[in-house]
Structures are given as C-alpha cells and as structure tokens.
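Summary of the model geometry
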Amino acid sequence: MTVQDQSINFPNTCMLRPLEVPFRYLFGPGPSNVPPRILAAGGRPIIGHMHSEMFGIMNDIKKGIQYAFQTSNNMTLAMSGSGHTAMECAVFNIVEPGESVLVAINGIWGERVAEIAERMGAKVHTLFKTPGGHFTNAEIEQALAKHKPVLFFLTHGESSAGLVHPMDGVGDICHKYNCLLLVDSVASLGAAPLLMDQQNIDILYTGSQKALNAPPGTAPVSFSERACHKMFNRKTKPVSYLLDMTHLSNYWGNDGKPERIYHHTGPVSGFFALRESLAILAEMGLENSWSHHTEIAEYLWKGLEDLGLKLFIKDKDLRLPSVTTIAIPEGYDWKELLAYIMKHHRIEFTGGLGPSVGMVLRIGLMGYNCNKANAAMALAALEDALKQCRKSKA
Ligand code: PMP
C-alpha cells in the first residue's frame, strides 16, 4: 500500500490556528506569574539531559535547593514532575507495604498523602482537624506512641486552609519514636521560615510554581541520612520505577558512582527555569524573602479587614503569608465573586480546595507577585466585586 492509498484523518482546525494565551494576574494559590528572567531561562536552547553542562546546571540546582531548604543533605534533587511527584516519591521510597504511617490531616494535602500511602499498601493512621486547625506537639507525640509509624507526614503551608503549621520540636518527637518526618512545603517555601536541618526534618519537598515563580513541573526534594538509610535498605523495591530513588540518586550524581546511567529524560527547560528561580531566591536571601512575604501579607490582611471581611485563620502567627484565606462573606455566592473578578479584572483568586470548598476564598501573592501594588490591585478588585455582585436576602 502506498501513502496515497491510505486514508488519513485531517488535523482538527484548532491545530491550524496560532496558540493563544491570555494574560492573567495569577493571585490564587499557584501557579504564580513567572518573571521574564525565569521565562527567558526556560526559553534557552535545549541541550541533552546527559550532557556535562546539564549535569553542571543540575549541580547548581542542588546547591540552590540546599540553600532554600537550609540543609546540607547530599540526597537533594529536583523531581521531574509537580509537587505530587515529590509527594509520591517520598512515600513510595520510604515506606514498604504493611508498614505503619501517620498522616496529619487538616486540609487536602494530608488527605492526598493518606490516599497515596494507602494505595501502596501502607497501614495508614490519621490525626484529624477540620481546615484551619493545627496539631499540638502533645497530640502528635500521643499518636506516634500509639501507632509507632515509620513515617509521619505534616503540611507546613496548608494552602487549602491558609495555615502555616508550627514546626518546632516536631522532628525531635518523631526521632524519639524512631519515626521519620516528612514535610510538605509546596506553598510555604520562601514565604515562611523553615529550616530543614535545624528542625530535624527528614524529607522535605516543594513545588516550582509558587514562591519560586518557576513554571509548574519540577519539584525540589531532599532526604536526610536517616531517610537514606531507611530507603536504601528496603526488602522490597518501590512500586514506581520512575520514582525509584536508587535510579534518581544516580541521575543526580548523588550516589557517589563515577558514571551516570540513563534513567529518564529530565525536563531540560524546566530545570533551566528552576535553576534561575533558585538563583533569584539566593540573591534576595531567604530571610529577606520571608520578611517581605509577611510584610505584604499584613498589608493585604489589614485591607481585607477594612473591607469588612473576616480572615479564616484568626491567629496571625498561624496565617500562611503566601496564601490568605478569607471566610466567604455572608450572603454572597463565592463562585459569582470569582467569576466577576476574573472577567472584569483578569485576576485569578480561587475558592477552597477539598474540605475547605465553600468555606473560603483564597488570595495568593507569592515571590514575584508579592508586592504592595498587586495587593492593592487585589483589594480593589474584591471591593468592586462586593459592590457589583448580587447579595442574596437570605
Ligand atoms: N502541597 C501543597 C501545600 C500545595 O499547595 C500543592 C499545590 N497546590 C501541592 C502539594 C501539590 O502540588 P502540585 O499541584 O504541583 O502537584
């Protein structure tokens, strides 16, 4: 049969039109707008994922993550994938089927990790609070003593509730019970203080698309020596080949072997962008980044209260500076408010997520987006929407 004889489907006409991407102010919980310097880095010509120059860039990324996480862990790398990839990588590599895991659920992220651990055959125990709640060290210790888990999961920046969880002492309690501490900092890294080594965190991960302002699709992660000891002395292989840390540690040059062997093709452009975003954080300095996020968040919180709105997290010290949650103002349809703001101001805010749906509106000002002008723009848009949207009589 010749090519002419074959009947070939025509491409859909959408594929013959140019790509159109509208401009949006991404003031939700992520992704955040990407600054030109990072976009330009991602647009540099591709090189091979196994070229020596690429390994040099990956080494820079490793150093940048070590700084951002405040860790000297050798087993530090970026996952080829979003925050969920790092979440699954941590659970799949640390936990073996049948082992006990304790998950703190005070929003959607604990729910997700519990499900991931359950799917790979772990015995999952949970500590539970409704969104906005947090756990005392005494509550955590009691559960560790009862369930004797190999891993305890806690979300540092609970973006579905807008809560930053206190971390002091949690790592020490985990180690007292011979348990590893896994922390999610996807929404908090760079925005709220977190010190991996000093706070005895064994596994820490984040995402590229929040305060780091890189495009979505890469996820920094780091493992302590204790975590490495557990994951490299397993009886069974992790359920995922792609996320197996024996392979990933070689790909990132962390296993001490002289040769790196092909495992998968990493997102080269995504790594260029991530490198640049970590460089920007290093230039700014972590402490400056934390205090800047707090300063702008406080300006936003005051403006919201001046509009007569109620912040969902009452205690200022527990509010996540990067993602602010507002109790849905009485009488309003939250979906209508969001749609109005998107249509008339080109601004994305979001509603709740998982258990916080119908409870909150969320405004995220992270990294590049975090400045007074954007906070003022967000407040003006919300003020306009509160005037223009229907208020039900009920
Ligand atoms: N954890 C937290 C705290 C998050 O805010 C998010 C993203 N909203 C994730 C995990 C998941 O990250 P991703 O969407 O990049 O997979």
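Residues numbered from 1 in each chain as written. Predicted model: local features only at pLDDT ≥ 70, side-chain atom pairs only at ≥ 80, totals over all residues. Heavy atoms only, no water.

Comments concerning the pattern of salt bridges
In this structure the tally under the stated criterion is 10 salt bridges. The salt bridge involving Glu 276 is made with Arg 275; its shortest N-O contact spans 3.2 Å. Given a relative accessible area of 16%, Glu 276 falls into the buried group. When its relative accessible area of 30% is taken as the criterion, Arg 275 is described as partly exposed. (Salt bridge = Lys/Arg side-chain N within 4 Å of Asp/Glu carboxyl O. Buried < 20%, exposed > 50% of the residue type's maximum accessible area, 1.4 Å probe, protein only.)

So, the sheet that holds strand S3 (residues 100-105)
Overall, mixed pairing links the 7 strands, which are arranged S2-S10-S9-S8-S5-S3-S4 in an open sheet. Strands with a single pairing partner mark the edges of an open sheet, and in this sheet they are strand S2 (75-80) and strand S4 (123-128). Looking at each pair of strands side by side, their axes are set apart by 20° on average, direction ignored. As paired elements, strand S5 (residues 151-155) and strand S8 (residues 180-184) share 5 bridges and run parallel to each other. By the bridge assignment for S8, Leu 151 is matched with Leu 180. In this fold helix H3 (residues 83-94) packs onto S2, S5, S8, strand S9 (203-205) and strand S10 (218-223), with an angle of close to 30° to the strand it touches most, S10. (Pairing = 2+ DSSP bridges. Helix = DSSP H or I, 4+ residues; strand = E, 2+ residues; numbered from the N terminus. Axes fitted to C-alpha atoms, helices over the stretch in contact; angles between N-to-C directions. Contact = heavy atoms within 4.5 Å.)

Concerning the pairing of S3
With respect to burial, S3 is a largely interior element, 6 of its 6 residues being buried. Burial along S3 is two-sided: Ser 100, Leu 102 and Ala 104 and Val 101, Val 103 and Ile 105, pointing in opposite directions, are all buried. In the classification by handedness, the crossover that spans S3, the intervening helix H4 (residues 108-119) and the parallel S4 is right-handed. Bridge analysis of S3 against S5 gives 3 bridges, and the strand direction is parallel. Residue pairing in the sheet places Val 103 in a bridge with Phe 153 of S5. (Right-handed = clockwise from strand over helix to strand, strands pointing away.)

Side note on the nonpolar core
Considering soluble globular proteins, one finds that nonpolar side chains tend to be buried as a cluster. Ranked by size, the top nonpolar core spans 80 residues in total, and within it Phe 152, Ile 203 and Phe 223 carry the most contacts. A per-element tally of this core places helix H2 (residues 52-69) first, with 8 residues. In this view, Ile 203 contacts Ala 90, Ile 94, Leu 151, Leu 180, Leu 181, Leu 182, Val 183, Met 196, Val 221, Ser 222, Phe 223 and Ala 227; residues no more than four positions away in its chain are not counted. (Core = buried A, V, L, I, M, F, W, Y, C linked by side-chain atoms within 4.5 Å.)

Observations regarding the UniProt feature "binding site: substrate" (unreviewed entry) in the protein chain
In the numbering used here, UniProt assigns the "binding site: substrate" (unreviewed entry) feature to Arg 362. Secondary-structure assignment places Arg 362 in strand S14 (residues 360-364). For Arg 362, the side chain forms a polar contact with the main-chain oxygen of Ser 159, separated by 2.7 Å. (UniProt positions renumbered as here; feature names shortened; annotations may be inferred. Polar contact = N/O pair within 3.5 Å; in protein donor to acceptor, adjacent residues only side chain to side chain.)

Looking at the packing of H3 against H4
Where H3 contacts H4, the axes come no closer than 10 Å and their chain directions differ by 45°. By the angle class used here, H3 and H4 are oblique. Of the two elements, H3 crosses H4, and the hand of that crossing is right-handed. On the side of H3, the interface is formed by His 84, Met 87, Glu 88, Val 91 and Phe 92, while H4 contributes Trp 109, Arg 112, Val 113, Ile 116 and Ala 117. Residues belonging to the contact of H3 with H4 are distributed by class as follows: 7 nonpolar, 1 polar and 2 charged. (Parallel < 35°, antiparallel > 145°, perpendicular 65-115°, else oblique. Left-handed = near helix turned anticlockwise from the far one by under 90°. Nonpolar A, V, L, I, M, F, W, Y, C, P; charged D, E, K, R; others polar.)

A closer look at the site of the ligand
Surrounding the ligand, one finds Ser 82, Gly 83, His 84, Met 87, Trp 109, Gly 157, Ser 159, Asp 184, Val 186, Ala 187, Gln 209 and Lys 210. Between an oxygen atom of the ligand and a side-chain N or O atom of Gln 209, the distance comes to 2.8 Å. When the free accessible area of the ligand is taken as 400 Å², the share hidden by the protein chains comes to 87%. In terms of residue count, H3 provides more of the shell around the ligand than any other element does, 3 residues in total. Its residues assigned to classes, the shell around the ligand shows 4 nonpolar, 6 polar and 2 charged. (Near = heavy atom within 4 Å. Areas by Shrake-Rupley, 256 points an atom, 1.4 Å probe, with all protein chains shown as cover.)

Some details on the sheet that holds S14
The 3 strands lie next to each other as S11-S14-S13, forming an open sheet whose pairing is antiparallel. The sheet terminates laterally at strand S11 (323-327) and strand S13 (350-351), the two strands that pair on one side only. Across 5 bridges, S11 lies against S14 in antiparallel orientation. Bridge assignment links Ala 327 to a residue of S14, and that residue is Val 360. Relative to S11, helix H10 (residues 286-306) is tilted by about 15°, and along the sheet it contacts S11 and S14.

Some details on the pairing of S5
The buried count for S5 comes to 5 of 5 residues, which makes it a mostly enclosed element. Because side chains alternate across S5, one face comprises the buried residues Leu 151, Phe 153 and Thr 155, and the other comprises Phe 152 and Leu 154, equally buried.

Description of the domain arrangement of the protein chain
On domain assignment, one finds that the protein chain holds domain 1 (25-31 + 286-388) and domain 2 (36-282). Taking only C-alpha atoms into account, the centre of domain 1 sits 27 Å from that of domain 2. Between domain 1 and domain 2, the contact holds 27 residues from the first and 34 residues from the second. Interface area for domain 1 against domain 2, summed over the two sides, is near 2,400 Å², with a carbon-plus-sulfur share of 68%. When the buried area of domain 1 at its contact with domain 2 is split by residue, Leu 286, Trp 290 and Leu 318 rank highest and sum to 30% of it. Across the domain 1-domain 2 interface, the total number found is 0 salt bridges. There are 13 residue pairs in polar contact (both at pLDDT 80 or more) connecting domain 1 and domain 2. Those elements that provide at least two residues to the side of domain 1 that touches domain 2 are H10, S11 and S14. (Domains from an automatic or database assignment. Buried area = accessible area lost by both parts, 1.4 Å probe.)

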